[in-house]
2 protein chains.
Amino acid sequence: MPRKVDHRERRTQIADALMRVAAEHGLEAVSLRHVAAEAGVSAGMVQHYFRTKDEMMTFALDVVRVRSEVRVGAAVQALGPDPAPRRLVRALMTTLLPLDEESRADGRVALAFLSYTAVRPATAPALREGTTQMVGFIAGLLPGGDEVGAAGLLALMEGLGMYLLGGQYTEEQALRVLDAQLDLLFR
Amino acid sequence: MPRKVDHRERRTQIADALMRVAAEHGLEAVSLRHVAAEAGVSAGMVQHYFRTKDEMMTFALDVVRVRSEVRVGAAVQALGPDPAPRRLVRALMTTLLPLDEESRADGRVALAFLSYTAVRPATAPALREGTTQMVGFIAGLLPGGDEVGAAGLLALMEGLGMYLLGGQYTEEQALRVLDAQLDLLFR
DNA sequence: TCCTTTGCAATGCGACTGTATTGCAACGAC
DNA sequence: GTCGTTGCAATACAGTCGCATTGCAAAGGA
C-alpha cells in the first residue's frame with residue numbers, strides 16, 4: 001500500500017470547506033471547484049475523494065449531524081453527574097440553538113441541507129430516527145414523561161432556531177421564550 | 001398602446017410555474033428554461049416579464065407571502081364574527097401549518113426560499129415585520145396579552161411545519177402538540 | 001396608411017457545471 | 001531494481017446557466 005493518507009480526515013477537510021461555502025454563499029454556490037478553492041486544493045483532488053458531488057453532499061450532511069451530536073454530548077457532560085432535569089433540558093436546547101456566530105453558520109448549512117433533502121427522500125429515515133430519539137430522551141426528563149410536551153419543546157426550539165437565523169428574534173427574545181416554555185413544562 | 005396584456009397575471013403564471021418546479025425538484029432546479037418549460041411558454045417570454053432571474057425569484061417569493069396572507073384572512077373570515085380567541089388562534093395555526101398536500105408544496109417552497117434569502121439579507125426586513133405583526137396579533141388573543149407566549153406559539157408552529165415537511169411528525173402528532181400548547185396558554 | 005410601441009420567439013455568447021479521462025510522481029511489496 | 005498501486009493534477013467534454021441581442025408580428029394612434 002503506497003502513500004498512506006488518512007482518507008476520512010481529507011474527506012472531512014473537504015466537507016468543512018463545503019460548509020464554509022454553503023454558510024457564506026448558500027448551498028447553490030457549492031460546486032466542486034468552489035469547494036476545492038475554499039479548501040485550497042485542486043478540483044481533481046476533491047474528485048479523488050468523492051466520486052460524485054452527491055456523495056460529497058451526503059458526507060458533509062453526516063458531518064453536520066455528528067458534530068451536532070458531539071456538541072450535545074459535551075454539553076451534557078459539562079453539567080456533571082445527576083443534573084437537575086430542567087437544567088439538563090435547557091442545556092440541550094441552548095446547545096442546539098444557533099446562538100453564537102459559529103453555530104449560526106452551522107444552522108444556515110443545516111437549513112440549506114434541509115431543503116436539499118426535502119427533494120431527496122433518501123436521507124429522511126435517519127433524520128426521523130434522530131428526532132424520535134430526542135423526543136424520547138426529553139420526555140424522560142419532563143414531569144410525567146410528557147411525550148407531547150417534549151415534541152412541542154423540540155418543535156419550539158426548531159422554530160426559534162429558524163427565527164434566529166432569519167433575524168426575526170434576537171437571542172434574548174429566544175431565550176426568554178425558551179425559559180417561559182420550560183416554566184410551563186416544569187410547572 | 002398596442003396589444004394589451006395583463007402584466008401582473010402573466011408574471012403570476014410564471015411565478016406559479018416556478019413554485020411548481022421548486023416544490024418538485026428543489027430551488028436549485030429553478031432556471032429560466034425550466035420555469036419556461038413548466039409554464040408552457042418560451043424562455044424569451046420569461047425574460048420579457050422578468051429582466052433578471054433574481055427579479056423573478058423576488059416576485060415569486062412575494063406571491064407566496066401574499067397567498068399565505070390571503071389564506072389566513074379567509075380562515076379568519078370563515079370563523080364568523082367574534083370568534084372565541086382560542087378557536088381563532090387555532091385556526092391561524094392550522095392554516096399556516098402544511099397539513100394538506102397543497103400547502104405542503106407551498107411549505108417546501110417557502111423553506112427553500114428561506115435558505116435562499118438567508119444569503120440575501122435584502123428581503124429580511126419584510127420577513128421580520130411580518131413576524132412581529134403576527135406576534136402582536138396573537139398576543140392580543142392570549143390571556144394577559146402574553147407576548148412571550150405568542151412568540152413561543154409561533155415558533156412552535158414553525159417547528160411543527162418543518163417536522164411535518166421532513167416527515168418526522170405526522171399530522172396527528174402535530175395537531176396533538178398544537179392543542180397541548182393551546183391548553184397551556186389558555187389555561 | 002404609415003409608424004411607433006409592445007409582446008414574444010430565437011439565437012448567440014461566455015461562464016460555469018459535473019464527470020470522465022489521461023498522465024505522472026511517489027511509495028510499498030517483491 | 002521493478003512493478004503495481006495509489007494520490008493527485010490537468011485537461012477535455014457535453015450540457016446548462018443567465019443574459020444580451022436581434023427580428024418580427026400584432027396592434028393601436030396619427
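Placed above this text is the structure.
So, here is what we can say about the structure in this document. Here, residues in each chain are numbered from 1, in the same order as that chain's written sequence. The naming scheme follows written order: chains are lettered A onward, ligands numbered 1 onward. Only residues with pLDDT of at least 70 get local features here, since the model is predicted, and only at 80 or more are side-chain atom pairs given and counted; chain-wide, interface and lining totals rely on the full set of residues. No hydrogens and no water enter the side-chain calculation; it runs on all heavy atoms of the structure.

Next up on the list: helix H1 (residues 7-25) of chain B. Residue and element names in this part refer to chain B. Here H1 contains 19 residues, and its C-alpha end-to-end distance of 27 Å stays within 8% of the 27 Å for a straight helix at 1.5 Å per residue. On its buried face, H1 is in contact with helix H2 (32-39), helix H3 (43-49), helix H4 (53-78) and helix H6 (101-119). Polar contact is the term for a pair of N or O atoms within 3.5 Å; when the atoms are in protein, one must be able to donate a hydrogen and the other to accept it, and sequence-neighboring residues count only if both atoms are side-chain atoms. Working definition: helices are DSSP H or I runs of at least four residues, strands are E runs of at least two. Numbering for both runs from the N terminus. One side-chain oxygen at the N-terminal end of H1 lies 3.2 Å from the backbone nitrogen of Arg8; it belongs to Asp6. After H1 finishes, the residue Gly26 shows a positive phi value of roughly 90°. In this scheme, a helix's expected span is set at 1.5 Å multiplied by one less than its residue total. Throughout, a residue-residue contact means that at least one pair of heavy atoms, one from each residue, lies within 4.5 Å.

Each residue gets one of three labels from its accessible area relative to the maximum for its type: buried under 20%, exposed over 50%, partly exposed in between, using a 1.4 Å probe on protein chains only. Residues of helix H1 (residues 7-25) of chain A that are buried: Arg11, Ile14, Ala15, Ala17, Leu18, Met19, Val21, Ala22 and Ala23 of chain A. Of the surrounding elements, those touching the buried residues of H1 of chain A are helix H2 (32-39), helix H3 (43-49), helix H4 (53-78) and helix H6 (101-119) of chain A.

Attention shifts here to the protein's contact with DNA strand D. Proximity is defined per residue: if any heavy atom of the residue lies within 4 Å of a molecule or strand, that residue is considered near it. Not every one of the 20 residues close to DNA strand D is listed here, only the nearest: Arg10, Ser42 and Tyr49 of chain A together with Arg33 and Lys53 of chain B. Sugar plus phosphate, as a fraction of atoms of DNA strand D within 4 Å of the protein: 60%. Within the side chain of His48 of chain A, one N or O atom sits 3.4 Å away from a phosphate oxygen of DNA strand D. At the level of secondary structure, the elements contributing two or more residues to the surface near DNA strand D comprise H3 of chain A together with H2 of chain B. If you tally residues by element for the surface near DNA strand D, the top one is H3 of chain A, at four residues. Across the surface near DNA strand D, the residue classes break down as seven nonpolar, seven polar and six charged. Residue type decides the class: Asp, Glu, Lys and Arg count as charged, Ala, Val, Leu, Ile, Met, Phe, Trp, Tyr, Cys and Pro as nonpolar, and the leftover types, Gly among them, as polar.

Our focus in this paragraph is the relation of the copies chain B and chain A. Each copy is superposed on the other by least squares, with the fit set by C-alpha atoms of residues at a pLDDT of at least 70 in both. Overlaying chain B on chain A yields an RMSD of 0.1 Å, the required transformation being a rotation through 180° with an accompanying axial translation of 0.0 Å. Between the two chains, the operation in question is that of a two-fold axis. Counting the interface residues of chain B, we find that 100% of their copies in chain A are interface residues as well, pointing to one common contact surface.

The next thing to look at is the interface of chain B and chain A. Each partner contributes to the interface: chain B provides 37 residues, whereas chain A provides 38 residues. Two parts placed together each lose some accessible area under a 1.4 Å probe, and the buried area is that loss summed for both. When chain B packs against chain A, close to 3,300 Å² is buried across both sides, 69% of that on carbon and sulfur atoms. Contact with chain A buries area across many residues of chain B, yet Met162, Tyr163 and Gln168 of chain B alone supply 16% of it, more than any other trio. One side-chain nitrogen of Lys or Arg within 4 Å of one carboxyl oxygen of Asp or Glu is enough to make a salt bridge. At the junction of chain B with chain A, the criterion picks out zero salt bridges. The interface formed by chain B and chain A includes nine residue pairs in polar contact (both at pLDDT 80 or more). The set of elements that each furnish at least two residues to the side of chain B that touches chain A consists of H1, H6, helix H7 (124-141), helix H8 (147-166) and helix H9 (171-185) of chain B. With eleven residues, H8 of chain B is the single largest residue contributor to the side of chain B that touches chain A. Residue composition of the side of chain B that touches chain A, by class: 20 nonpolar, nine polar and eight charged.

All right, on to empty space enclosed by the protein then. Only protein atoms enter the calculation, which uses a 1 Å grid: trapped sets of points that fit a 1.4 Å probe without letting it out are cavities, open sets showing protein on both sides within 12 Å along at least five of seven lines are pockets, and any residue with an atom within 4 Å of a point is a lining residue. Grid points are joined across faces, edges and corners, and a volume is the space filled by probe spheres set on the points. A complete count under the given rule lists two cavities of 30 Å³ or more for this structure. What the largest cavity holds in volume is close to 50 Å³. As for the largest cavity, its lining consists of Ala22, Ala23, Gly26, Leu27, Arg108, Leu111 and Ala112 of chain A together with Ser115, Ala118 and Val119 of chain B. When residues of the lining of the largest cavity are traced back to their parent elements, those giving at least two are H1 and H6 of chain A together with H6 of chain B. Classifying every residue of the lining of the largest cavity by side-chain character gives seven nonpolar, two polar and one charged. In this structure, the second largest cavity encloses a volume near 40 Å³. Lining the second largest cavity are Ser115, Ala118 and Val119 of chain A together with Ala22, Gly26, Leu27, Arg108 and Ala112 of chain B. Mapped onto the lining of the second largest cavity, the elements with two or more residues apiece are H6 of chain A together with H6 of chain B. A total of three residues in the lining of the second largest cavity trace back to one element, the largest contributor, which is H6 of chain A.

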